[in-house]
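# Tertiary structure, described
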Amino acid sequence: MFDHIPAYPGDPILSLNEDFQLDPRPNKVNLSIGIYFDDAGKLPVMDAVRHAETALLGAIGPRSYLPMAGLPLYRDAAQALVFGADHEARAAGRIATLQTIGGSGALKVGADFLKRYFPASQIWISDPSWENHRVVFEGAGLTVNTYPYYDEHTGGLRFADMIDTIGRLPEQSIVLLHACCHNPTGVDLSPAQWAELVPVLQRRKLIAFVDMAYQGFGASLEEDAACVRLLADAGVPLIVASSFSKNFSLYGERCGALSVVCKSKEEAARVLGQLMSAVRANYSNPPTHGARLVANVLSDTSLRASWEAELATMRERILAMRGTIHEGLAGRVDEVMRARYVAQRGMFTYTGLSEAQVERLRSEYAVYVLRSGRMCVAGLNASNAGYVASSIAAVVAGA
Ligand code: LMR
């Protein structure tokens, strides 16, 4: 019966991470998947999360199904973090927010909603974008196109080309944007560039779908969400997928949220209902545990302060590692290749390494980066950064 089923070629990120786990070499370094490791190379459990978890364990309660839209306290906290607690659209009750299974779940529920109510619309993602964006949107039946984004010659942004392409899209097209810490390139729009993009989206009557998986990893929680608030203030039709995987170090708990900014409270209620119907069709309702942890941390003043402080430390450590590898490569690779480690922001740097160089890094040096050349700099630490720099220098020299 299943003879005709072809083998799965694997996922460029998750399968490589699984290969890494099986690699027996003691000097292996995982810079593939977007996971933050601490300076000891360990996946951190944040203090605030540990406290919230201990409190939850002391008060284990029954676990019925959550509503299709998720835990109310979590939905409110997630919305406040994305838009700002005092945002006018929140006060007016015109943002439909629901809990989703991670950021990927938010993208899928949003994609299903768009496919159903904008059947003629196509989506444009950045070139390049997170590999799974295309998979999720095509999986929902949308046609996926790209707009120019990354300039491989400079390691920067092709902003003029990006604006030009977006400025010519058909009305009601969907434009997928990364709020901060662009995945995979680490190249973001500046505030001035966001301000230039907003009227183009408005004039062309486009739908902005913002993916914000790294809030707090670029600059601050507020600065990283500035573009979302700019778009909401301008009245651009706006959908936001957000995630607590990285900034709470809660990857496996799958804590995400989807928000749609509407014109009125009544419109938001209708939209929320249809998002719930998409959730029901996909997985019925979201899980309880991670959502309780996040909601309890965000709604408790002292736990929240502790979380924000620890997140700032993580962000600073990533910046320090960027500096370390930048120094380690001095005089060993050309300046265009070296400068990007400090110019790009967030968890990822697009190294500019070729597929063959990436393959040599893995097979000869046990250093794992993605085939595209994306490196997760959040996997660097004081003990491995020097080795990684030497390994890169060796494969670039062809030595
Ligand atoms: C990544 O880009 O590495 C992460 O977002 C993990 C994933 O699911 O791909």
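Residues numbered from 1 in each chain as written. Predicted model: local features only at pLDDT ≥ 70, side-chain atom pairs only at ≥ 80, totals over all residues. Heavy atoms only, no water.

Quick note on the threshold: UniProt positions are given in the numbering used here, feature names are shortened, and annotations may be inferred rather than shown by experiment.
If you check an unreviewed UniProt entry, the protein appears there as Aminotransferase class I/II-fold pyridoxal phosphate-dependent enzyme from Paraburkholderia elongata. Its UniProt record, at the heading Subunit (unreviewed entry), says of the protein: "Homodimer."

### Considerations on the site of the ligand
Rules: Residues are counted as near a molecule or strand when any one of their heavy atoms sits within 4 Å of it. Pairs of N or O atoms are called polar contacts if they sit within 3.5 Å, as long as, within protein, a hydrogen donor faces a hydrogen acceptor (for residues adjacent in sequence, only side-chain-to-side-chain pairs). Computed with the Shrake-Rupley method and a 1.4 Å probe, the accessible areas treat only the protein chains shown as cover for residues. Side-chain classes follow a simple rule in which Ala, Val, Leu, Ile, Met, Phe, Trp, Tyr, Cys and Pro form the nonpolar group, Asp, Glu, Lys and Arg form the charged group, and the remainder, Gly included, forms the polar group.
Near the ligand the following residues occur: I13, I33, G34, W130, N183, Y214, K246 and R374. Side-chain polar atom of W130 to an oxygen atom of the ligand: 3.0 Å apart, as the coordinates give it. Here R374 contributes a side-chain N or O atom positioned 2.8 Å from an oxygen atom of the ligand. Protein chains shield 82% of the accessible area of the ligand, which is 260 Å² for the free molecule. Here the residues of the shell around the ligand are counted per class, giving 4 nonpolar, 2 polar and 2 charged.

### Observations concerning the environment of E88
Put simply, the test is: Labels follow the DSSP assignment, with helices taken as runs of H or I lasting at least four residues and strands as runs of E lasting at least two, numbered in each case from the N terminus.
Within the fold, E88 resides in helix α4 (residues 88-91). For the pair E88 and S126, spaced 38 residues apart in the sequence, the C-alpha separation amounts to 30 Å. Side chain to side chain, E88 and R94 meet in a polar contact 2.7 Å long.

### What about the nonpolar core?
Put simply, the rule reads: In this text, buried Ala, Val, Leu, Ile, Met, Phe, Trp, Tyr and Cys residues form a nonpolar core when linked through side-chain atoms within 4.5 Å. Here the term buried applies to any residue with accessible area under 20% of the maximum for its type, exposed to any over 50%, and partly exposed to those in between, with areas from a 1.4 Å probe on protein chains only.
Counting residues in each nonpolar core, the largest one holds 102 residues, and the members touching the most others are F209, W307, M347, M375 and I392. For this core, the leading source of residues is helix α13 (residues 301-328), giving 7 residues. Core analysis: the second largest hydrophobic core is formed by 38 residues, A89, L169, L238 and Y350 among them.

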